[in-house]
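A structural walkthrough
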Amino acid sequence: MIEKVRTYIEREVGLSPSGNDPVVFVGLSGGADSTALLLILKDLGYRVHALHCNFHLRGEESDRDQAFVEELCQQQGISLSVRHFQTKEEARRRGVSIEMAARDLRYDWFREELEKESHGYIATGHHLDDQAETLLLNLIRGTGLRGMAGIHPKHDNIIRPLLCLRHEEILQYLASRKQSYVIDSTNNERDALRNRIRLDVIPMLRTLGPAAVSHLCLACENVRQSIPYYIKGIEVAFSELGITAASFPLSALLQGSQIHPIRTLLHEWLAGKGFNAVQEEEMLRAAESEVGRMWYSHTNTILRDRDSLLLSSKEKKRKTLPLLRQEIVCCIGETGPDIAYFDADLIPLPIEVRPVRKGDAFVPFGMKGRKLVSDYLTDRKMNRLQKAEQFVATCGNDIVWLIGHRSDNRFRVGKNTKRILKVTCEVTDDALLSS
């Protein structure tokens with residue numbers, strides 16, 4: 001069985017144990033699968049480092065798991081890192097399920113550890129039974145072709161060395177070594193859909209034929225080998241219809257045909273963005289929706305703009321935060337969207353910068369009446385996503401400049417101005433703003 005895993009890793013991952021081998025970080029829960037994975041990789045001669053997450057979700061049982069992996073790694077002479085998470089609090093903060101929060105926390109930390117190495121891999125204990133469960137779970141959720149490929153043996157730097165073994169084989173291996181492991185009591189709870197598939201559906205399928213699970217996994221493998229050809233076709237269709245990573249033209253939704261299967265193209269455009277089947281169905285009819293309608297997932301936002309669906313990530317990313325350089329000048333000189341001039345004696349310093357807010361209003365240069373910033377930007381054909389990225393310069397409660405667009409008429413330079421304040425907008429990437 002160990003040789004079976006060796007051959008699988010070399011074929012699917014291209015990784016052979018050697019003196020200069022990259023480190024393999026093993027996600028070690030203490031359960032049967034991850035315990036077997038750790039021992040098999042060690043026996044094969046790979047340089048392993050164990051990573052254990054204590055999510056503090058099961059009280060004493062969580063602490064028991066941590067104590068077990070600590071003792072196991074000490075016995076085996078394997079280095080171990082442990083990270084503690086307040087998962088319930090994090091789930092509330094992110095607005096996601098506890099299961100989703102735990103998964104994200106786990107992989108975020110794994111990738112942090114991976115970045116410390118010049119080259120390495122993250123190994124998880126997924127096996128053939130997990131593959132069958134995943135296929136069924138994806139089908140129930142209305143997956144596309146990629147979901148029918150199930151779990152891949154290698155995705156970026158994440159590898160699944162046991163994806164060639166059945167769970168029964170793993171248990172036999174541990175028994176032959178007289179190696180104990182911990183059991184997560186929540187695995188027998190039927191609240192989670194995956195648990196119900198494992199506890200109820202898979203056993204029922206085995207009554208139809210002993211090879212049922214193996215055939216499900218074979219179907220995943222057949223689909224996985226077809227994916228590269230599928231992706232090429234998707235890329236051609238995207239190019240022909242003008243679909244980009246950030247924009248899906250409404251005209252494409254109206255051109256659905258056998259040549260361009262729009263449902264499939266939209267599904268691929270949304271892949272990995274967190275939207276569900278109901279939202280996807282609504283977006284297929286987006287051409288009938290009113291301009292400005294939005295759909296939300298926990299990571300992304302989609303806007304129905306005038307002629308496209310526009311995608312924007314909610315995740316924190318590096319943005320340019322305006323800085324203002326101020327100087328007193330004798331006259332108005334160079335102009336541009338990043339420069340504004342004011343009557344210095346009318347400006348109640350200091351000038352501060354912030355993102356535009358709902359209800360913001362100012363008196364645009366050349367006008368007498370107040371106008372909502374949102375309405376001003378709408379007149380300039382800016383969509384809701386673009387509006388959210390704008391900044392204003394303020395003095396106290398007054399907006400003096402919608403940066404990059406128009407200054408406030410109340411602070412303009414006039415015939416009675418004695419001192420002119422020139423404000424130049426510069427950018428820096430020192431700050432992180434949530435889009």
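What you see is a predicted model; the values in this text were computed from it and never measured.

What follows deals with the environment of Tyr173. If you trace the backbone, Tyr173 turns up in helix α8 (residues 167-176). Distance from Tyr173 to Ser251, taken between C-alpha atoms, is 57 Å for residues 78 residues apart in sequence. At 3.3 Å, the side chain of Tyr173 and the side chain of Asp43 are in polar contact.

Formed by 36 residues in total, the largest nonpolar core has its most connected members in Val5, Ile9, Val24, Val26, Leu38, Leu41 and Val48. Where this core is concerned, the elements lending two or more residues are α1 (2-12), β1 (23-27), α2 (32-44), β2 (48-54), α3 (60-76), β4 (120-123) and α8. With residues up to four places along the chain from it excluded, the contact list for Val5 reads Ile40, Leu44, Pro161, Leu162, Cys164 and Leu165. Listed in part, the 25 residues of the second largest apolar core include Tyr230, Ala252, Ile302 and Leu309.

This paragraph deals with the side chain of Asn383. Relative to the helices and strands, Asn383 resides in the loop between α14 (373-379) and α15 (384-387). There is a polar contact of 2.9 Å between the side chain of Asn383 and the backbone nitrogen of Leu385. Asn383 has contacts with Leu303, Asp305 and Leu310, leaving out every residue within four places of it along the chain.

What follows covers the state of the cysteines. The full count for this structure, using the stated rule, is zero disulfides. Here Cys331 is not cross-linked by a disulfide; its sulfur's nearest cysteine counterpart is in Cys330, at 3.9 Å. Taking relative accessible area as the criterion, Cys331 reaches 45% and is therefore assigned partly exposed.

Another aspect to go through is the packing of α2 against α8. Each pair of packed helices can be summarised by the angle the axes make with each other and by the distance between the axes. Contact pair α2 / α8: the axes reach a minimum separation of 10 Å and the direction vectors enclose 65°. Helix-helix and strand crossings are classified by hand; for α2 and α8 the assignment is left-handed. On α8, the residues that touch Ala32, Asp33, Thr35, Ala36, Leu39, Ile40 and Asp43 of α2 are His167, Ile170, Leu171, Tyr173 and Leu174. A per-class count over the contact of α2 with α8 returns eight nonpolar, two polar and two charged.

Our focus in this paragraph is α1. For α1, the complete set of buried residues consists of Val5, Tyr8 and Ile9. One side of α1 carries all its buried residues, which in axial view fall inside an arc of 95°. Residues of α1 that are buried make contact with α2.

Relative to the elements of secondary structure, Asn54 occurs in strand β2. Only 3.0 Å separates the side chain of Asn54 from the backbone nitrogen of His56, close enough to count as a polar contact. There is a polar contact of 2.9 Å between the side chain of Asn54 and the side chain of Gln66. In this view, Asn54 contacts Ser62, Asp63, Gln66, Arg83, His84 and Phe85; residues no more than four positions away in its chain are not counted.

Definitions and cut-offs
- Residues numbered from 1 in each chain as written.
- Predicted model: local features only at pLDDT ≥ 70, side-chain atom pairs only at ≥ 80, totals over all residues.
- Heavy atoms only, no water.
- Helix = DSSP H or I, 4+ residues; strand = E, 2+ residues; numbered from the N terminus.
- Polar contact = N/O pair within 3.5 Å; in protein donor to acceptor, adjacent residues only side chain to side chain.
- Core = buried A, V, L, I, M, F, W, Y, C linked by side-chain atoms within 4.5 Å.
- Buried < 20%, exposed > 50% of the residue type's maximum accessible area, 1.4 Å probe, protein only.
- Contact = heavy atoms within 4.5 Å.
- Disulfide = S-S within 2.5 Å.
- Axes fitted to C-alpha atoms, helices over the stretch in contact; angles between N-to-C directions.
- Left-handed = near helix turned anticlockwise from the far one by under 90°.
- Nonpolar A, V, L, I, M, F, W, Y, C, P; charged D, E, K, R; others polar.
- Arc of directions from axis to C-beta.

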